[in-house]
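# Geometric and topological summary
As a plain string of letters, each chain reads:
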Amino acid sequence: MLTFISYWRAAAIVLNDLASSAFYACGIAEQAIGKSAPWFIVGVMLFSFTVRAVYVESCSMFVRGGVYRVVKEALGGTLAKISVSALMFDYILTGPISGVSAGQYIAGLINDVLLTADTHGWIPRAVHSMFNGTPHFNQNGVSVVFALAVTVYYWWQNTKGIQESSEKALRVMQITTVMVVILLTWSVITIFKNGYQAVPWPTPANLKFSAEALGFLRHSYQDQDLAKVFGLFGILVAFGHSVLAMSGEESLAQVNRELAHPKLKNLKRAAIVIAIYSFVFTGLSSLLSVMLIPDAVRVPVYKDNLIAGLAMYMIGPQIVRLFFRGFVVVVGFLILSGAVNTAIIGSNGVLNRI
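What you see as residue numbers is a count from 1 along each chain, following the sequence as written. Given that the model is predicted, a residue must reach a pLDDT of at least 70 before its local features are reported, and side-chain atom pairs must reach 80 or more before they are shown or counted; all residues, however, enter totals for whole chains, interfaces and linings. Side-chain figures throughout are based on the complete set of non-hydrogen atoms in the structure, without hydrogens or water.

### Regarding the overall build of the protein chain
Helices and strands together make up the secondary structure of the protein chain, namely 16 helices and zero strands. Relative to a compact globule of 354 residues, whose C-alpha radius of gyration would be 20 Å, the protein chain shows 21 Å and is just as compact. Based on the C-alpha atoms only, the size of the protein chain along its principal axes is roughly 65 × 55 × 40 Å. The 354 residues of the protein chain split such that 49% are buried. Working rule for contacts: check all heavy atoms of both residues, and any pair within 4.5 Å makes them a contact. In the protein chain, the proportion of contacts linking residues at least 24 apart, taken out of those at least 6 apart, comes to 79%. Residue exposure ignores everything except the shown protein chains as possible cover, and the areas themselves are Shrake-Rupley values with a 1.4 Å probe. Put simply, the protein chain shows about 17200 Å² of open surface, and 68% of that area lies on carbon and sulfur atoms. Only four residue types enter the tally: Lys and Arg on the positive side, Asp and Glu on the negative side; His and the chain ends are excluded. Note that the charge is assigned to NZ on lysines, CZ on arginines, CG on aspartates and CD on glutamates. Taken as two groups, the 25 positive and 17 negative side-chain charges of the protein chain have centres that lie 7 Å from each other. Only DSSP runs of H or I with at least four residues qualify as helices, and only runs of E with at least two residues qualify as strands; both kinds are numbered from the N terminus onward. It is over C-alpha atoms that the radius of gyration is taken, and the globule rule equals 2.2 Å times the number of residues to the power 0.38. Relative accessibility under 20% of the residue-type maximum defines a buried residue, over 50% an exposed one, and the middle range a partly exposed one, all with a 1.4 Å probe and only protein chains included.

### Overview of the side chain of T282
In this structure, T282 sits in helix α13 (residues 263–292). In this structure T282 comes out as buried when scored by relative accessible area, which is 1%.

### Some details on the pattern of salt bridges
We count a salt bridge whenever a side-chain nitrogen from Lys or Arg sits within 4 Å of a carboxyl oxygen from Asp or Glu. Going through the model one piece at a time under the given rule, you end up with five salt bridges. Across the pair R298 and E30 runs a salt bridge, and its minimum N-O distance is 2.7 Å. In this pair, R298 sits in helix α14 (residues 295–302) while E30 sits in helix α2 (residues 25–33), placing the two residues 268 residues apart along the sequence. Exposure remark for R298: the relative accessible area of 2% places this residue in the buried category.

### Things to note about the packing of aromatic side chains
We describe a pair of aromatic rings using the distance from one ring centre to the other and the angle between the two ring planes. Working definition: a ring pair exists when centres of Phe, Tyr or Trp rings (six-membered ring for Trp) sit within 6.5 Å. Plane angles under 30 degrees give stacked, over 60 give edge-to-face, the rest tilted. In this structure the tally under the stated criterion is 11 aromatic pairs. Relative to F281, the ring of Y277 lies with its centre 6.4 Å away and its plane at 85°, an arrangement referred to as edge-to-face. Residue Y277 and its partner F281 are located together in helix α13, separated by four residues, close to a single helical turn. Of the two residues, Y277 and F281, both sit in the buried class. Joined through ring pairs, the aromatic side chains of F23, Y277 and F281 make up one cluster. Here, over-ring charges are defined by two tests on the NZ atom of lysine or the CZ atom of arginine: distance to the ring centre within 6 Å, and angle to the ring normal within 35 degrees. K160 extends its terminal NZ or CZ atom over the ring of W156, reaching a point 3.8 Å from the ring centre.

### Looking at the nonpolar core
Proteins that are soluble and globular tend to have nonpolar side chains buried together. If you look at the biggest cluster of nonpolar residues, it comprises 87 residues, and the most contacted ones within it are F23, M179, F209, F281, I307 and V328. For this core, the leading source of residues is α13, giving 12 residues. Excluding residues within four positions of it along the chain, V328 makes contact with F23, M179, I307, A308 and A311. Definition used in this section: a nonpolar core is a set of buried Ala, Val, Leu, Ile, Met, Phe, Trp, Tyr and Cys residues joined via side-chain atoms within 4.5 Å. In terms of nonpolar packing, the next biggest core, distinct from the first, is built from nine residues, V71, Y91, A343 and V350 among them.

### Some remarks on the confidence of the model for the protein chain
Averaged over every residue, the pLDDT of the protein chain is 82; residues scoring 70 or more account for 92%. No element of the protein chain has a lower mean pLDDT than helix α10 (residues 223–229), which averages 53, and none a higher one than α13, which averages 91. The predictor reports its confidence for every residue as pLDDT, a score running from 0 up to 100.

### A look at the packing of helix α1 (residues 7–18) against helix α16 (residues 318–353)
Fitted lines through C-alpha atoms serve as axes, helices being fitted only where they are in contact, and the angles separating the N-to-C directions of these axes extend from 0 to 180 degrees. Interaxial distance between α1 and α16 falls to 7 Å at its minimum, and their mutual angle equals 115°. The two elements α1 and α16 meet at a crossing, and its hand is left-handed. Residues I13, L15, N16 and D17 of α1 form the contact with α16, whose own contacting residues are I335, G338, A339, T342 and I345. Here the residues of the contact of α1 with α16 sort into five nonpolar, three polar and one charged. Here is the rule for handedness: rotate from the far helix to the near one, and if that takes an anticlockwise turn smaller than a right angle the crossing is left-handed, while a clockwise turn gives right-handed. Ten residues, namely Ala, Val, Leu, Ile, Met, Phe, Trp, Tyr, Cys and Pro, are considered nonpolar, four, namely Asp, Glu, Lys and Arg, are considered charged, and the remaining ones, Gly among them, are considered polar.

### Things to note about the packing of helix α4 (residues 67–75) against helix α5 (residues 77–119)
The contact between α4 and α5 brings their axes to 7 Å, and the two run at 155°. Looking at the two axes, α4 sits roughly antiparallel to α5. Like other packed secondary-structure pairs, α4 and α5 cross with a definite hand, here right-handed. Within the contact between the two elements, α4 uses V67, Y68, V71, K72 and L75 and α5 uses G77, L79, A80, K81, S83, V84 and L87. Oblique is the label for every angle not falling under 35 degrees (roughly parallel), over 145 degrees (roughly antiparallel), or within 65 to 115 degrees (roughly perpendicular).

### Focus on the environment of R269
Mapped onto the elements of the fold, R269 is located in helix α13. In this structure, the C-alpha to C-alpha distance between R269 and T134, residues 135 residues apart in sequence, is 51 Å.

### A closer look at the environment of F323
With respect to the helices, strands and loops of the structure, F323 is situated in helix α16. The exposed category is assigned to F323, whose relative accessible area is 64%.

### A word on a nonpolar patch on the surface
Each patch groups residues whose relative accessible area exceeds 30% and which form no salt bridge, using 9 Å between like charges and 5 Å between nonpolar side chains of Val, Leu, Ile, Met, Phe, Trp and Tyr. A cluster of nonpolar side chains, contributed by I110, M130, F131 and F137, occupies part of the molecular surface with about 370 Å² of accessible area. You can see M130 is positioned in helix α6 (residues 125–131).

### Brief notes about the side chain of S285
Looking at the secondary structure, you find S285 in helix α13. Of the polar contacts made by the side chain of S285, one reaches the backbone oxygen of F281; its length is 2.5 Å. Those residues in contact with S285 that sit more than four places away from it in its chain are A22, L183, V280, I307 and L310. Polar contact is defined as a pair of N or O atoms within 3.5 Å, subject to the rule that within protein one atom must be able to donate a hydrogen and the other to accept it, and that residues adjacent in sequence are counted only when both atoms are side-chain atoms.

### Thoughts on the environment of A117
Looking at the secondary structure, you find A117 in helix α5. The buried category is assigned to A117, whose relative accessible area is 12%. When the C-alpha positions of A117 and S251 are compared, they lie 42 Å apart, and in sequence the two are 134 residues distant. Each residue touching A117, except ones within four places of it in the same chain, is listed here: W122 and I123.

Right, dumping it as structure tokens:
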């Protein structure tokens, strides 16, 4: 009646959420705090090592725990209820946002392919008349359809059990790993051949807060100066806007009960795999995107998909870069879809424990 999964599968489930943030976290952070955002993403990744260590310790002490049990033991029932409510809110948002983001990538790729085909005269006149010009799909509409389809699919997979859904998560991470190796290798070659632009250090003087990032401080006439005068305060605000890169940590506690024997050793192994993978992928890709993508197009054009933008500014023939961008978009779709699965597994685990 019980099935248990390997630490590789457990790591894959967590990474489907945690690693998917590499596709959007740095773009969101840079819009909020400026060009030094990658250093804060790297800082969040390093901070996540300590958070993960706490989860490993708490999971070994309270096997059926997770955030509710840990907070209840440390700070009492009231704060435990508030914490677990915030966690459920996070899961309920993570699933749909990831699904819609995945749909955005696919819809954008379809529209780009249609535009390229139309430029070369490959679109029939009949199709032109149907769309009153170049064929174009509504990205928001397509995204909703994809999000609904992905959610229903992973719900159906989870009704079969975690063995089925974890198999899909593992396959997604295997494909993602191929993309990451190509991306990092190609980026290093490009840097050696073409050079790079420096990433500003994360100092108060280099922080460029947007009005939305400052929140209530934007009503002050000296809001920008205020953030710089209180240097540590400004850095904390910037760090807060980068914490999104750490989304998905709680899933480690939720998959702990499904781990095969020896449970504690496998939990530690899964934590190490998650730590290294998330740091290399999310941290390094954030730095590379600022180093290689020109400032003029990075935020205006590629803010929601920096890795696809990174693919377009590699060294080599344009056709090869276009094919790699297509591969990046497909991987983005798969891993963001996998984040829907992680949200389902995590929220189900939390509710079962409560």
